[in-house]
Amino acid sequence: MNPYILATLLFGLGLGTTITFASSHWLLAWMGLEMNTLAIIPLMAQHHHPRAVEATTKYFLTQAAAAATLLFASVTNAWLTGQWEIQQITHPLPSTMITLALALKIGLAPLHAWLPEVLQGLDLTTGLILSTWQKLAPFALILQLQPSNSTLLVILGLSSTLIGGWGGLNQTQLRKILAYSSIAHLGWMILVLQFSPSTTLLTLLIYLIMTFSTFLVFKLNKSTNINTLATSWAKAPVLTALAPLILLSLGGLPPLTGFMPKWLILQELTKQGLAPAATLAALSALLSLYFYLRLSYAMTLTISPNNLTGSTPWRLPSTQLTYPLATSTTLTICLLPLTPAISALLTS
């Protein structure tokens, strides 16, 4: 892609998210979301491959449907209450519609079906943008909205953690596994949103760091399925040794960073008297942990099959920058000891 066009599209992505962050009016927020969608579409379709074009079309249709619902709900709210302010959603009908529209935008279950299919059709770099940056603008709106319908949020959160765990169990494609991982993590965030928005923000930040690390590891290994992951020891032995730690951090095992948000969320849910929801969320984390363990096992505990599909690759020098990966990997593995300081900041 022409670097000038690429720069313009990335600027559009940044600007769309910034407009949504800064807006207090529904029309401006909707405009930011639309800019975001339109800027990423050429990036998704840049490889003229049928899978990429199909993924782009699916993404465009779901995002357009979500944006139309959002606009309709905000107009309905203005009609019912005379208010265009984001924080002035008082009527339950527009509030529920907007929550569901934003859930469709970020891919919360049961409105998640587009996300694994779309992510599977993209390359790892665009997939990384879709899994991280594209979640920020809708999340900012959900945080501002603080929906009055608390039952809806708990249902969305629990179904996302369960479906994110179940869906990834039978997958061999890494991008689909990461899509289900994304659904499960978003479920955790939504579950605690109404009780502790600061914990939700912390979970989002840690999710972004861990997902960034995971995508960069797969990109460095040029891996898109479990079979190619099994041969990665020949390319980058040190990275292959560190990768299971990154994956287990995503799964939320102590003593890694990923344990911190799960710990704080379960603590908060128990404080609010939602012990059954906390138990269900903790059990669903076991489902996710299974497929992270499966990836770790494939990477480090198996000798790759020496057939044509799994033959050991050439160990060529990588052209990818390793500083971002080194930084994000350190953060993904080592932040747990800071939990007391972070929880003190959250409660202050």
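Throughout what follows, the structure given in this document is the object of discussion. This one's a predicted model, so the numbers in the text were calculated from it and none came from an experiment.

Calculation rules
- Residues numbered from 1 in each chain as written.
- Predicted model: local features only at pLDDT ≥ 70, side-chain atom pairs only at ≥ 80, totals over all residues.
- Heavy atoms only, no water.
- 1 Å grid on protein atoms, 1.4 Å probe; cavity = no way out; pocket = protein on both sides within 12 Å on 5 of 7 lines; lining within 4 Å.
- Points joined across faces, edges and corners; volume = space filled by probe spheres on them.
- Nonpolar A, V, L, I, M, F, W, Y, C, P; charged D, E, K, R; others polar.
- Salt bridge = Lys/Arg side-chain N within 4 Å of Asp/Glu carboxyl O.
- Helix = DSSP H or I, 4+ residues; strand = E, 2+ residues; numbered from the N terminus.
- Buried < 20%, exposed > 50% of the residue type's maximum accessible area, 1.4 Å probe, protein only.
- Axes fitted to C-alpha atoms, helices over the stretch in contact; angles between N-to-C directions.
- Parallel < 35°, antiparallel > 145°, perpendicular 65-115°, else oblique.
- Contact = heavy atoms within 4.5 Å.

## Some remarks on the layout of surface pockets
Counted as a void, the largest pocket has a volume near 310 Å³. Lining the largest pocket we find 13 residues, and of these L220, K222, K235, L316 and S318 sit closest to its centre. A breakdown of the residues in the lining of the largest pocket according to their chemical character gives five nonpolar, four polar and four charged.

## With respect to the pattern of salt bridges
Two side chains of opposite charge can pair, provided their charged atoms sit close to one another. Within the structure shown, the criterion is met by three salt bridges. The partner of K58 in a salt bridge is E54, with the nearest N and O atoms 2.7 Å apart. You can see K58 and its partner E54 sitting in helix α3 (residues 50–81), four residues apart, about one turn around the helix. Salt-bridge contacts for K176 lead to E117; the nearest nitrogen and oxygen are separated by 3.5 Å. Taken as a pair, K176 in helix α9 (residues 174–192) and E117 in helix α5 (residues 114–120) lie far apart in primary sequence, 59 residues in all. With a relative accessible area of 18%, K176 lands in the buried category. Here the salt bridges do not stand alone but share partners, grouping E54, K58, E117 and K176 into one network.

## Here's the deal with the packing of helix α6 (residues 124–131) against helix α10 (residues 197–221)
Following both chains from N to C, one finds α6 and α10 inclined at 170°, their axes separated by 10 Å at the closest point. Taken together, the axis directions place α6 and α10 in an arrangement best described as roughly antiparallel. Here L124, T125, G127, L128 and S131 of α6 lie close against α10, whose contacting residues are Y207, T211, F212, F215, F218 and K219. Residue composition of the contact of α6 with α10, grouped by class: six nonpolar, four polar and one charged.

All quantities given are derived from atomic positions and should not be read as evidence of function.
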